[in-house]
Amino acid sequence: MRKLIEFPCAGETLFGTLDEAPGTTGLLIVSGGNEIRVGAHRGMALLAGRLAEAGHPVFRFDRRGVGDSSGENHGFESSPDDIAAAAAAFRQAAPTSPVSPRSAIATRPPPSPSSTPARGSTNWFSPTLG
């Protein structure tokens, strides 16, 4: 089942979506850039649904100033408090699903053209955090 969850962060209200599942290992999806929790072409929503069908609860959220969340968007690199608040909300909503740094996926915003590394030198999408 998919649930909409709102939670506080630094005086603002953030919104997340929990795809419930019975598993004991949860997945917190952290989108980089200004991508909303649904993802481009519903990609993150589809991924979350498939992982939940496989038994893993998944939580994705909008950072401050992005999507449905209130506040000002100061970019992905200023979002540690948002990520911590999302992890706490996930733990509260799915208490049997521990969330650790190793059970998160982070997607980074694409590099600016002036900082693009040499081809093949950087994987901009990390399979795990930590």
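Trainee: How would you explain the side chain of serine 69 if you had to name every residue and give the values?
Mentor: Counting through the fold element by element, serine 69 comes out in the loop between strand E4 (58–61) and helix H2 (80–93). Polar contacts involving the side chain of serine 69 include one to the main-chain carbonyl oxygen of aspartate 62, which spans 2.6 Å. Serine 69 has contacts with Thr13, Leu14, Phe15, Asp62, Arg63 and Arg64, leaving out every residue within four places of it along the chain.

Trainee: I'd love a proper account of the pattern of salt bridges, names of residues and values included.
Mentor: Tallied over the entire structure, the rule returns six salt bridges. Taking the shortest distance from any N to any O, the salt bridge between aspartate 62 and arginine 37 comes out at 2.6 Å. Separated by 25 residues along the polypeptide, aspartate 62 in the loop between E4 and H2 and arginine 37 in the loop between strand E3 (27–30) and helix H1 (43–53) bring together distant segments of the chain. For the pair aspartate 62 and arginine 37, one class covers both residues: buried. With its nearest N and O atoms 2.7 Å apart, the salt bridge here joins aspartate 82 to arginine 64. With aspartate 82 in helix H2 and arginine 64 in the loop between E4 and H2, this pair connects stretches of sequence that are 18 residues apart. Through salt bridges with shared partners, a single network forms among Arg2, Asp19 and Arg60.

Rules behind the numbers
Residues numbered from 1 in each chain as written. Predicted model: local features only at pLDDT ≥ 70, side-chain atom pairs only at ≥ 80, totals over all residues. Heavy atoms only, no water. Helix = DSSP H or I, 4+ residues; strand = E, 2+ residues; numbered from the N terminus. Polar contact = N/O pair within 3.5 Å; in protein donor to acceptor, adjacent residues only side chain to side chain. Contact = heavy atoms within 4.5 Å. Salt bridge = Lys/Arg side-chain N within 4 Å of Asp/Glu carboxyl O. Buried < 20%, exposed > 50% of the residue type's maximum accessible area, 1.4 Å probe, protein only.

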